[in-house]
Amino acid sequence: MASKSEPQTLYTGALFHDDAQGSKALVEAYSITKDSDPPSVSDEFPEGGLAAWTTVLGSFLVQFSGFGYATSFGVYQDFYTEHYLTKQTSSAISWIGSFNMFLLTAVGLVSGSLYDRGYFYHLMIAGSLLQSFSLFMLSLSKPDQYYQIFLTQGLGSGIAAGLMFVPSTAVIAHYFRRKRTLVLTFVASGSSLGATIHPIMLNNLLNGPLGFSNGVRASAGLISALLLIACLCMRTRLDPPTIPVNYIVAARKCIRDVPFMLMVAGAFLFQIGLYYPMFFLQLDSIKHGLSVTFSFYSLVILNASNSVGRVTSGFIAAYTGVPNLTVVATISCAVLNLGLIGLSNLASTTVLGVLYGYFAGIFIGSWVSLMADLTPDLSELGARMGICFCMSGDFMLGTPISGALLTSNYIWWIPALFSGVIAMAGSVMYIIMRLMLSKRRSKERDAQLEVLEKHS
């Protein structure tokens, strides 16, 4: 308790991130009297330290092993279509990867709730064990046994990654506030680095002397080792809320939060088209007569560029603001999806892969930061992330629809057109969100100025 009334400064966080100037911290001047309490220690973020950075490393490895492995499904899509599930259509095969991606986000509704109740370590250990078990069981799957692969890779691995995804991302908020966007960008780059390394490894393992069974076991061993390291690295700092977040109440708040709902709607539409190139680019390049060796590395090119996009998104957002950057990224991805109609040779595949990977990386790297930016009460961050991931988790719609539009005759322009148009519709929702957010924060800024004038 302060014994005198004297001017102090209180850091209230970066409230206005919708423009370059707004991303700076707002510092309010006010008086602390003898009847007032100082800010709580729990409100002070260390912004670094050994525990913080080891937790960041653990979260990075979780993204590498979970989301990064899931977005490498394009390798499996090609291998299953050409060799292992030859009796199935491209649409049926893509259901495996898309259902995995859907569960990765939809399970966040459960894992986010459990995270808010203090079950962080339980979720990480259970998810790691299930991911390892699912991949080793995948190695036992037999050719043309669709249900075996769907249960292990689609269902088991999807649930495992979903248990870890939200907690491993949300725990970063325990340690960082000013640097949160930059740190989350680094964490998100783990998945794109995984999506770069896993295709190289899987293409050489599955199509090499080891074959499918031993190749999958080798990748499962790597994933298991990395998740073990991640579990040993990550630590929570803050105690869970005394009263757990009520998801019904949080959902009602979300529904009344217009910019947040516009973000969810935009994500729902945009992500229907987002993963089409990641699942089909390798198969597309092979069917267009490009060399098998180059086609194997087409996904590597896309995902390497994706990694650069995720890393640079944090730096760019510091100048443009997260909402503005998200709008630019979604529009660019939609246009480049339409550009896939013209894919025909090595040059076009390379250019489209680099550009699309970069802007998709910017979107993915900014998405979690945008959620945190639109969450006024950080105690609800896990709940809001779970709700958002569940409501916008339509991964299992986009690529199966694209596979069905592709048909067995491989008519490539139809799914490319569909993906581009639906992604552009999502971009429009993000534009409206940006305008509504700017309007709301303008009112908040005016209210803050009025408070400062009264205290001056």
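What counts and what doesn't
- Residues numbered from 1 in each chain as written.
- Predicted model: local features only at pLDDT ≥ 70, side-chain atom pairs only at ≥ 80, totals over all residues.
- Heavy atoms only, no water.
- Helix = DSSP H or I, 4+ residues; strand = E, 2+ residues; numbered from the N terminus.
- Buried < 20%, exposed > 50% of the residue type's maximum accessible area, 1.4 Å probe, protein only.
- Areas by Shrake-Rupley, 256 points an atom, 1.4 Å probe, with all protein chains shown as cover.
- Contact = heavy atoms within 4.5 Å.
- Axes fitted to C-alpha atoms, helices over the stretch in contact; angles between N-to-C directions.
- Left-handed = near helix turned anticlockwise from the far one by under 90°.
- Nonpolar A, V, L, I, M, F, W, Y, C, P; charged D, E, K, R; others polar.
- Expected span 1.5 Å × (residues − 1).
- 1 Å grid on protein atoms, 1.4 Å probe; cavity = no way out; pocket = protein on both sides within 12 Å on 5 of 7 lines; lining within 4 Å.
- Points joined across faces, edges and corners; volume = space filled by probe spheres on them.
- Core = buried A, V, L, I, M, F, W, Y, C linked by side-chain atoms within 4.5 Å.
- pLDDT = per-residue confidence, 0-100.
- Salt bridge = Lys/Arg side-chain N within 4 Å of Asp/Glu carboxyl O.
- Patch = residues over 30% accessible without salt bridge, like charges linked within 9 Å, V, L, I, M, F, W, Y side chains within 5 Å.
- Phe/Tyr/Trp six-rings, centres within 6.5 Å; stacked < 30°, edge-to-face > 60°.

### Side note on the overall build of the protein chain
Here is step 1 of the chain: From N to C terminus, the protein chain includes 18 helices and two strands.
Here is step 2 of the chain: Out of the 456 residues belonging to the protein chain, those deemed buried represent 54%.
Here is step 3 of the chain: Here the protein chain has roughly 18,500 Å² of accessible surface; of this, 67% comes from carbon and sulfur atoms.

### Some points on the environment of Phe418
Here is step 1 of the chain: Counting through the fold element by element, Phe418 comes out in helix 18 (residues 413-455).
Here is step 2 of the chain: Among residues more than four places away in sequence, those in contact with Phe418 are Ile272, Gly398, Ile401, Ser402 and Leu405.

### Brief notes about the packing of helix 15 (residues 346-373) against helix 18
Here is step 1 of the chain: At a minimum axis separation of 14 Å, helix 15 and helix 18 run at an interaxial angle of 35°. Helix 15 and helix 18 meet at a crossing whose hand is left-handed. Here Phe363, Trp367, Leu370 and Asp373 of helix 15 come into contact with helix 18, specifically with Tyr430, Met433 and Arg441.
Here is step 2 of the chain: Classifying every residue of the contact of helix 15 with helix 18 gives five nonpolar, no polar and two charged.

### Observations concerning helix 14 (residues 322-339)
Here is step 1 of the chain: Taking 1.5 Å of rise per residue, 18 residues should cover 26 Å, and helix 14 covers 26 Å from first to last C-alpha, within 8% of that figure.
Here is step 2 of the chain: Of the surrounding secondary structure, the elements contacted by the buried residues of helix 14 are helix 8 (180-206), helix 11 (258-274), helix 12 (276-287), helix 13 (292-320), helix 15 and helix 18.

### Looking at empty space enclosed by the protein
Here is step 1 of the chain: Per the counting criterion, the structure on display carries four cavities of 30 Å³ or more.
Here is step 2 of the chain: Taken as a whole, the largest cavity spans an internal volume of roughly 170 Å³.
Here is step 3 of the chain: Along its surface, the largest cavity is lined by 18 residues, and Gln63, Phe165, Ala188, Ile364 and Val368 are the ones closest to its centre.

### Topic: the environment of Thr350
Here is step 1 of the chain: Looking at the secondary structure, you find Thr350 in helix 15.
Here is step 2 of the chain: For Thr350, a relative accessible area of 24% puts it in the partly exposed group.
Here is step 3 of the chain: Taking the C-alpha atoms as reference points, Thr350 and Leu302, 48 residues apart in sequence, are found 8.1 Å from one another.
Here is step 4 of the chain: Excluding its chain neighbours within four sequence positions, the residues that come into contact with Thr350 are Phe294 and Ile301.

### Observations concerning the nonpolar core
Here is step 1 of the chain: Judged by nonpolar contacts, the single largest core of 110 residues is most densely connected at Tyr76, Tyr80, Phe212, Met263, Trp367 and Tyr430.
Here is step 2 of the chain: Broken down by element, the residue count for this core peaks at 11 residues, all from helix 15.

### Considerations on the confidence of the model for the protein chain
Here is step 1 of the chain: Mean pLDDT for the protein chain: 81, with 87% of residues reaching 70 or above.
Here is step 2 of the chain: Across residues 1-42, where pLDDT falls below 50, the model places 82 contacts with residues more than four positions away in sequence or in other chains.

### Examining the pattern of salt bridges
Here is step 1 of the chain: On inspection of all chains with the given rule, the structure shows two salt bridges.
Here is step 2 of the chain: A salt bridge links Lys287 to Glu82, with the nearest nitrogen and oxygen atoms 3.3 Å apart. Here Glu82 lies in helix 3 (residues 73-84) and Lys287 lies in helix 12, a separation of 205 residues in the sequence.
Here is step 3 of the chain: The partner of Arg440 in a salt bridge is Asp257, and the shortest N-O contact between them spans 2.8 Å. Of this pair, Arg440 sits in helix 18 while Asp257 sits in the loop between helix 10 (247-256) and helix 11; the two residues are 183 residues apart in sequence, bridging distant segments of the chain.
Here is step 4 of the chain: For Arg440, a relative accessible area of 28% puts it in the partly exposed group.
Here is step 5 of the chain: Its relative accessible area of 7% is what places Asp257 among the buried residues.

### Points about a nonpolar patch on the surface
Here is step 1 of the chain: Together, Leu338, Ile341, Ile411, Trp413, Leu417 and Val421 make up an exposed nonpolar region whose accessible area comes to about 490 Å².
Here is step 2 of the chain: Of all the elements, helix 18 adds the most residues to the nonpolar patch, at three residues.
Here is step 3 of the chain: Residue position: Ile411 is located in the loop between helix 17 (395-406) and helix 18.
Here is step 4 of the chain: A residue is classified by how much of its surface remains accessible, and Ile411, at 31% relative accessible area, is partly exposed.

### Here's the deal with the packing of aromatic side chains
Here is step 1 of the chain: Tallied over the entire structure, the rule returns 24 aromatic pairs.
Here is step 2 of the chain: Measuring from ring centre to ring centre gives 4.9 Å for Phe60 and Phe186, while their planes differ by 15°; the resulting arrangement is stacked. You can see Phe60 sitting in helix 1 (residues 50-65) and its partner Phe186 sitting in helix 8, a full 126 residues away along the chain.
Here is step 3 of the chain: Relative accessible area serves as the criterion here: at 12%, Phe60 is assigned to the buried category.
Here is step 4 of the chain: The class for Phe186 is partly exposed, based on a relative accessible area of 39%.
Here is step 5 of the chain: Each residue in the set Tyr69, Phe73, Tyr76, Phe79, Tyr80, Tyr84 and Phe212 is aromatic and connected to the rest through ring pairs, giving one cluster.

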